[in-house]
Amino acid sequence: MDEEKMRKMEELKGRMAILAILSNALELLSGDWARTICFIAGKKLGENSDVENSSSIEEAIKNVEPWKIEIFENKEDGQLIVFKECPIRQTHYAVCTNQGGPLCQVTHGYFAQIFSKAIGKDVKIELIHAGPNACLKRVVVE
Amino acid sequence: MDEYDYAIESVEKIILSMDSAVKEMWSAGYTGMMVSVGRVFAGEESKKSLAEDIPSVLKEISEIFPGMEYEFEDGKIIVKKCIVRDLANKGVTEMGGPLCMFMKGFLMKMIETVEGTQRKLDIKMGELCEITLR
């Protein structure tokens, strides 16, 4: 790997460490409330994102980079979605924080905002399985 | 823009929204809180520390947080490279914001542990932040 790439990787790792600090600090200061605050932070991210307006969840998931997600199954109680690439999961593995912790709520908040903007209804994201290479989540339209 | 730049930018956007969530939640009260959090984290790290003096503790902090670089001269600490300052220059956070206060608390506790006495840090922020110990 050339020097420039190494420098950028170090820079990225430094930023991920900062993200983990903020999440851990929130957990230390406010306990379970950290999840809510992270969810709100995710919603803000969704509000400010330049993702193009879409009319359905299927349409919305096409423009959510750097996340890469796809619909796994349509069930009566909601759509199952596979999160193949996620900057939050990469942060967990880069700086050794716990998957499924408050930081994951940033992803949930982000997608709740993007999806609810797309379909005009409140949306809830539930974690079904968190894995090293992908996560399975359920999108529940309320 | 390559994939690394894109990843860095994405993580910075998440930091920005987390940082503003902290500020909104606690308003101005975040200052003392983040210093305390920094001290708590440093308390854990200092258990593993092998540092015996200030220059070596500064070196350890640079290893814990990639992107930080300090210099100790004439009883003053010069922050030569700082990840928080870089982020502030990009508008992701602000100088003296939650992350800055975290770093202050962390540094304070690490120095106190190595010196065995309580210290206060006077920080003069600028292009190269200057920290005076008292």
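Scroll up for the structure.
Residues numbered from 1 in each chain as written. Chains lettered and ligands numbered in written order. Predicted model: local features only at pLDDT ≥ 70, side-chain atom pairs only at ≥ 80, totals over all residues.

A. Here's a closer look at the overall build of chain B. Helix and strand counts for chain B stand at 5 helices and 4 strands. For chain B, the N- to C-terminal ordering of α and β elements is α-α-α-β-β-α-α-β-β. Taken over C-alpha atoms, the radius of gyration comes to 15 Å for chain B, in line with the 14 Å a tight globule of 134 residues would show. Expressed as lengths along the three principal axes of its C-alpha atoms, the size of chain B is roughly 45 × 35 × 30 Å. Here chain B holds 134 residues, and 35% of them are scored as buried. (Helix = DSSP H or I, 4+ residues; strand = E, 2+ residues; numbered from the N terminus. Rg over C-alpha atoms; globule rule 2.2 N^0.38 Å. Buried ≥ 20, exposed ≤ 12 C-beta atoms within 10 Å, placed from the backbone.)

B. Just the overall build of chain A, in detail. Secondary structure summary: chain A contains 5 helices and 4 strands in total. Listed N to C, the secondary structure of chain A is α-α-α-β-β-α-α-β-β in terms of helices and strands. In terms of overall size, chain A behaves like a compact globule, its C-alpha atoms giving a radius of gyration of 16 Å where 142 residues would be expected to give roughly 14 Å. Taking the principal axes of the C-alpha coordinates as reference, chain A spans close to 45 × 40 × 30 Å. Residue burial in chain A is summarised as follows: out of 142 residues, 40% are buried. Contacts spanning at least 24 positions in sequence make up 52% of the contacts within chain A whose residues lie at least 6 apart. (Contact = placed C-beta atoms within 7 Å.)

C. Spatial organisation of the environment of S116(A). Here S116(A) lies in helix α5 (residues 104-119). Residues S116(A) and E142(A) lie 26 residues apart in sequence; the distance between their C-alpha atoms is 9.8 Å.

D. Inspection of the interface of chain A and chain B at higher detail. Counting from both sides, the interface comprises 27 residues of chain A and, opposite them, 28 residues of chain B. Among the elements that line the side of chain A that touches chain B, the one with the most residues is helix α1 (residues 3-30) of chain A, at 19 residues. Looking at side-chain class alone, the side of chain A that touches chain B contains 19 nonpolar, 1 polar and 7 charged residues. (Nonpolar A, V, L, I, M, F, W, Y, C, P; charged D, E, K, R; others polar.)

E. Main features of the nonpolar core. Judged by nonpolar contacts, the single largest core of 73 residues is most densely connected at L19(A), L22(A), I15(B) and F102(B). In contact with I15(B), other than residues within four places in its own chain, are R15(A), I18(A), L19(A), L22(A), L87(B), V92(B) and T93(B). (Core = buried A, V, L, I, M, F, W, Y, C linked by C-beta atoms within 7 Å.)

F. Spotlight on the packing of α1(A) against helix α4 (residues 87-95) of chain A. All names here are of chain A. Two elements in contact, α1 and α4, have axes whose closest approach is 9 Å; the angle formed by their N-to-C orientations is 95 degrees. Regarding the angle of α1 to α4, the classification is roughly perpendicular. Of the residues in α4, those touching α1 at K13, M16, A17, L19 and A20 are T91, A94 and V95. Tallied by class, residues from the contact of α1 with α4 come to 6 nonpolar, 1 polar and 1 charged. (Axes fitted to C-alpha atoms, helices over the stretch in contact; angles between N-to-C directions. Parallel < 35°, antiparallel > 145°, perpendicular 65-115°, else oblique.)

G. The sheet that holds strand β2 (residues 76-81) of chain B, seen in detail. Residues and elements named next belong to chain B. One open sheet accounts for 4 strands, arranged β1-β2-β4-β3; its pairing is antiparallel. The outermost strands of the open sheet, each flanked by one partner alone, are β1 (69-73) and β3 (121-124). The mean inter-strand angle of the sheet, taken between neighbouring strand axes irrespective of direction, is 25 degrees. In the sheet, β2 pairs with strand β4 (residues 129-133) via 4 bridges, with the strands oriented antiparallel. Residue pairing in the sheet places K76 in a bridge with T132 of β4. Docked against the sheet, helix α3 (residues 54-64) engages β1 and β2, running at close to 170 degrees with respect to β1. (Pairing = 2+ DSSP bridges.)

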